[in-house]
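Here's the letter readout for the chains.
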Amino acid sequence: MPDLLNKAYKDQLVTWIGKSCHFRLLYKISRDGCSAQTFHQKCDGQGPTVTVLYNTSKTIFGGYLSQSWNSNGGYINDNRAFVFRMQYNGSSSPKKFPIIQAELDRTNKSRHKISVKKERKCYAGFGSIDCGPSFGNGDIKTFSGQIKRTRNYFDLNGSVSCLGDSYTLHGENSNSITNDNLQVSDLEVYRVVDGDAPQSILEKPWREYTDWTEEKMKEMKENLLAYKPVAEANVQAANILLLGPIGSGKSSFFNSINSIFSKRITSKACSGSFEHCVTTMYRQYKIKDRSSRKYLNFRLCDSRGFEEGFAMDTQEMSFILDGNIPDRYQFNPMVPFTSDNPKFINNPNLNNKIHCVAFVIDSSSVEVMSDSVLEKMKDLQVRMNQRGIPQIVLLAKIDKICLDVNDDVTSTFTSSAVCEALEKVADIMGLPRAHVLPVKNYESETKLKTGVNILLMEALERCLDFADDFMDDQLYTWASEGKDIES
Ligand SMILES: Nc1nc2c(ncn2[C@@H]2O[C@H](COP(=O)(O)OP(=O)(O)OP(=O)(O)O)[C@@H](O)[C@H]2O)c(=O)[nH]1
Ligand SMILES: [Mg+2]
């Protein structure tokens, strides 16, 4: 989910902070949920941060701390802290309100004398596990506990009535800074990182994708659960064939999709990193939804990876595309499958055929893909084109080519590294860029993540759309040739 702070406002913050720096989004209530506990999990100990609130009066305000947030239950002493207003009622109106340094008398008692020493103390922030970001001595209390979204905003239970207690307001007041309105569409906390922003994150996304919310994820899941192939095709399940170089993430893609519907990380298909192919058996995997205990109406067909030094039998691949090869067929590069094999499916119908091919390509090795592997894929594409089978590329392992995506996949569509890899793959494969879908498979995670699920399901939805197009096309061809669908 892209951050909301525009470049001009970021530049303004850099000027106020007084040194070259850039901003990394740590926490965002519309994405991560509005909970004090989550805020502390994501922001404690992260060094300097900027907190930004966007209220429903179109006013943007917040605060900067050069010290880390903590959950110690005490004040954060920071003489560089400030609160600010960026925008007021929809118009740009930047103003910085610096911290007031309180002079405190500290009494030192030694055996012989009592001395009073002046000490400067700043009540810049308050770190408590029960509270979201809090500035000053109650100047800006954002929220405590957990706040549920109300329609399209969060009605924060904090207050700004003490604004001006610990920060100098230069004649302004809480109303002219915040409208005294804590109904916010969002609250973001950014880590302030020294140095200029790396080029990897672009100002504008290269592909429009704005909704990374849990609601969107649920909606996508519902859509996939409701998916049925084109009714007239009389096909029980759409068949998506996963193809690609060894170790590119084919089995992991199936495992990841299976995990989403199992509601936990699963690894039914063996995956791993070995010199040779891990998958040696052709598998047509169905996926069962854990809640409804129903199978989804598509199959992910996992196959052996293309390997240098192992000649791929293109006839065998044609048999897979045409539906002549059964589930659980053990590939044997020495003895390819032939029509004499007793398991050979004669007269396959549309149920057995592949309806969409998804090439799985490791984004971190696009540059080093060998010519022989490329040649194999091109050769196969010719066979697919002859049959009119649609093709898609799943650009996997995007977490390996961009640190920001590794931190958080919601940066995928602003990552220049992902954009470059995608353009390169589209070019190599001769496919439109819209047919290349970035994904991150589950590999080291122990828990499901909303953003990862959304990317995976987006890719799967496209495969199913394409599979439907293929079935439609077959029906049309057969109708025009006067054949029935069983032929
Ligand atoms: N970081 C990262 N690692 C991944 C991703 N997808 C797969 N992997 C890892 O890459 C390795 C190979 O993944 P597999 O799913 O076994 O690849 P495959 O294409 O099925 O490989 P073969 O069956 O050998 O052809 C495993 O160690 C996975 O954990 C991804 O999106 N990100
Ligand atoms: Mg595999």
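Check the entry above for the structure.
What you are looking at is a predicted structure, and each value in this text was computed from that prediction instead of being measured.

**Q** What should I look at first to understand the site of ligand 1 in this one?
**A** The full set close to ligand 1 counts 20 residues, and Lys 250, Ser 252, Val 278, Thr 279 and Asp 399 are the nearest of them. Ser 251 is positioned with one of its backbone polar atoms (N or O) 2.9 Å from an oxygen atom of ligand 1. Asn 441 has a polar backbone atom sitting 2.8 Å from an oxygen atom of ligand 1. In isolation ligand 1 offers 650 Å² of accessible surface; the protein chains occlude 91% of this area.

**Q** What is the right way to read unusual backbone geometry from this model?
**A** The bulk of non-glycine residues show a negative phi, and the bulk of peptide bonds are trans. Positive phi is not limited to glycine here, since Lys 58 has a value of about 65°. By secondary structure assignment, the location of Lys 58 is in the loop between strand S3 (49–55) and strand S4 (60–65). The exposure class of Lys 58 is exposed, given its relative accessible area of 57%. One non-glycine residue, Arg 328, lies in positive phi territory at about 70°. Along the chain, Arg 328 turns up in the loop between helix H7 (314–322) and strand S20 (329–330).

**Q** I tried to follow the pattern of salt bridges on my own but got confused; where do I start?
**A** Pairs may arise between side chains of opposite charge once their charged atoms sit close together. Throughout the structure, instances matching the rule amount to 17 salt bridges. Across the pair Arg 85 and Glu 172 runs a salt bridge whose closest N-O atoms are separated by 3.1 Å. With Arg 85 in strand S6 (residues 82–88) and Glu 172 in the loop between strand S15 (153–155) and helix H4 (174–178), this residue pair connects regions lying 87 residues apart in the sequence. By relative accessible area, which is 6% here, Arg 85 ends up buried. Where salt bridges share partners, they join Arg 31, Asp 32, Lys 42 and Asp 408 into one cluster.

Cut-off values and rules
- Residues numbered from 1 in each chain as written.
- Chains lettered and ligands numbered in written order.
- Predicted model: local features only at pLDDT ≥ 70, side-chain atom pairs only at ≥ 80, totals over all residues.
- Heavy atoms only, no water.
- Near = heavy atom within 4 Å.
- Polar contact = N/O pair within 3.5 Å; in protein donor to acceptor, adjacent residues only side chain to side chain.
- Areas by Shrake-Rupley, 256 points an atom, 1.4 Å probe, with all protein chains shown as cover.
- Helix = DSSP H or I, 4+ residues; strand = E, 2+ residues; numbered from the N terminus.
- Buried < 20%, exposed > 50% of the residue type's maximum accessible area, 1.4 Å probe, protein only.
- Salt bridge = Lys/Arg side-chain N within 4 Å of Asp/Glu carboxyl O.

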